[in-house]
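Below, each chain spelled out in residue letters.
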Amino acid sequence: MTWLTDTFRVAKPIIAMCHLQALPGDPAYDRAGGMAKVVDLALHDLRHLQDGGVDAVMFSNEFSLPYLTKVRPETTAAMARVIGEIRRDIRVPFGVNVLWDPIASIDLATATGALFMREIITGVYASDFGLWNTNVGETTRHRAALAPDLRMLYNIVPEAAAYLGNRTPVDIARTTVFNNGPDALCVSGLTAGAETDTQVLSQVKAAVPDTMVFCNTGCRIDNIERQLAVADGAVVGTTFKIDGHFSNLVDPERVKAFMAKVRSVR
C-alpha cells in the first residue's frame, strides 16, 4: 500500500479543488458580502463535490488574483476561518494550497489538520507575478518543525510561469526527487483549466517511476481516461464548474458525470 492509497483509500484519487472566493485584502473581495459570503459559497461547493463522489478536496484561494509569492497574514487567517467554519461538513480527506506561498500553506495545514498541501516549492521562475524564487530548504524544515506527517505535492510545471534555465520537466523531476524527496509531483498546463500535455506527463512519470505523479490541470470527462492511464491521480477544478468555466460555482451534475467516468476506468 502506498501513502496515496493509505490516505485516499482508492487508487488514482481525484482531488477536487474547492476554490475560495476573493478574501479580505484581495482586489476582488466582496466587502458587501463579507466573509459570510465566502464561507457560504465554500460550503456550497464542498457539499456538491462530496455528494458527487470526489475522493478528496483541496482548499485554495484561487480568486486572490493576482497572486502573491509571499501572502499576507490576513489571507492565511481568512482561509483558516473558512475551513474552521465548515470543518464539520468535510467528509473526505482534505488539503490546502495558499497561492503561491508554501510556508503559508504549511501554516494553514497545521492549523486546520489538513493531510496534504500543494505548492511551488522548488526552482526559480519568470512569471506573470514577477520573478518567482523559492527556498525548499526553509520550506521542508518548516514542515519538519510544524507538521512532519503533512504530505507535500510539488508543482514542477507551474501555471503562468517558465523555469529560469534550460531544463526540461523531466530533468526537473529527476533532480527534485533526488534532492527533496517529494511525496508527489504535479504536472500542469498553462493556466487553471488548461489541459496538461499527456506526453510531458508520461515522460515525467517514466523518469521518476517510484514517485507519485498527478495531472494537475485541464482534466475533463473526455480526457480523464487518457490522463489516468499515465498519472497516479488528478487534481480537478474547472471542469466541475457550471459550464466548465473557471469563475463559476460547482455544478453537481458535472461532478457526478465526471466521477462516474473515473470509476469506470480506474
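First, a word on scope: everything that follows refers to the structure included in this document.

Check the secondary structure of the chain and you find 9 helices and 11 strands. A compact globule built from 266 residues should have a C-alpha radius of gyration of about 18 Å, and the chain, at 17 Å, falls within 12% of that. For the chain, the proportion of its 266 residues judged to be buried stands at 53%. Long-range contacts, defined here as pairs at least 24 residues apart, represent 68% of the contacts in the chain between residues at least 6 apart. Put simply, the chain shows about 11300 Å² of open surface, and 52% of that area lies on carbon and sulfur atoms. Between the averaged position of the 26 positive side-chain charges in the chain and that of its 29 negative side-chain charges there is a distance of 3 Å.

Here we take up the packing of aromatic side chains. All told, the structure shown has 11 aromatic pairs when counted by the stated rule. When the ring of Phe240 is compared with that of Phe258, the centres are 5.1 Å apart and the planes differ by 90 degrees; the resulting orientation is edge-to-face. One end of the pair, Phe240, is in the loop between strand S11 (233-236) and helix H9 (252-265); the other, Phe258, is in helix H9, with 18 residues separating them in the sequence. Here the two residues Phe240 and Phe258 agree in accessibility, since each one is buried.

So, about the environment of Val98. By secondary structure assignment, the location of Val98 is in the loop between strand S3 (94-97) and helix H4 (102-112). Remark: the alpha-carbon pair of Val98 and Lys70, spanning 28 residues in sequence, is separated by 9.5 Å. Ignoring any residue separated from it by four or fewer positions in sequence, one finds Val98 in contact with Asn61, Val71, Thr75, Thr76, Met79, Ala104, Ser105, Leu108 and Glu119.

So, on to the pairing of strand S7 (residues 151-155). Of all 5 residues making up S7, 4 are buried, and the element is well covered by its neighbours. As defined by bridge partners, strand S4 (residues 116-119) adjoins S7 across 4 bridges and the pair is classed as parallel. Note on S7: the bridge partner recorded for Met117 is Met152. In this structure, S7 lies alongside strand S9 (residues 184-187), joined through 3 bridges in parallel fashion.

The strand order across the open sheet built from 3 strands is S6-S5-S8, with neighbouring strands paired in antiparallel fashion. Of all the strands in the sheet, just strand S6 (130-132) and strand S8 (161-163) have a single pairing partner and so form its edges. Adjacent strand axes in the sheet meet at a mean angle of 25 degrees when their direction is disregarded. Sheet topology note: the strand S5 (residues 125-127)/S8 ladder contains 3 bridges and is antiparallel. Residue Ala126 lies in a different strand from S8, and its bridge partner there is Ala162.

It is worth spelling out the pattern of salt bridges at this point. Inspection of every chain in the model, using the stated rule, returns 15 salt bridges. Measuring nitrogen to oxygen at the nearest pair gives 3.2 Å for the salt bridge that ties Arg91 to Asp51. Taken together, the residues span a long stretch of sequence, with Arg91 in the loop between helix H3 (73-86) and S3 and Asp51 in helix H2 (residues 34-51) at a distance of 40 residues. Like Arg91, the residue Asp51 is exposed in the burial classification. Asp171 is paired through a salt bridge with Arg174; the nearest N and O atoms lie 3.9 Å apart. Of this pair, Asp171 and Arg174 both sit in helix H6 (residues 169-180), 3 residues apart, roughly one helical turn. You can call Arg174 partly exposed: its relative accessible area is 45%. Each of Glu195, Arg220, Asp222 and Arg226 takes part in one network of salt bridges that share partners.

Moving on, we get to the pairing of strand S1 (residues 14-19). Counting buried residues in S1 gives 6 out of 6 residues, a clear majority hidden from the surface. Because side chains alternate across S1, one face comprises the buried residues Ile14, Ala16 and Cys18, and the other comprises Ile15, Met17 and His19, equally buried. When S1 meets S11, the two strands line up parallel, connected through 3 bridges. Bridge assignment links Ile15 to a residue of S11, and that residue is Val235. As defined by bridge partners, S1 adjoins strand S2 (residues 56-60) across 5 bridges and the pair is classed as parallel.

Reading guide: rules and limits
- Residues numbered from 1 in each chain as written.
- Predicted model: local features only at pLDDT ≥ 70, side-chain atom pairs only at ≥ 80, totals over all residues.
- Heavy atoms only, no water.
- Helix = DSSP H or I, 4+ residues; strand = E, 2+ residues; numbered from the N terminus.
- Rg over C-alpha atoms; globule rule 2.2 N^0.38 Å.
- Buried < 20%, exposed > 50% of the residue type's maximum accessible area, 1.4 Å probe, protein only.
- Contact = heavy atoms within 4.5 Å.
- Areas by Shrake-Rupley, 256 points an atom, 1.4 Å probe, with all protein chains shown as cover.
- Lys, Arg positive; Asp, Glu negative; His and termini not counted.
- Charge placed at Lys NZ, Arg CZ, Asp CG, Glu CD.
- Phe/Tyr/Trp six-rings, centres within 6.5 Å; stacked < 30°, edge-to-face > 60°.
- Pairing = 2+ DSSP bridges.
- Axes fitted to C-alpha atoms, helices over the stretch in contact; angles between N-to-C directions.
- Salt bridge = Lys/Arg side-chain N within 4 Å of Asp/Glu carboxyl O.

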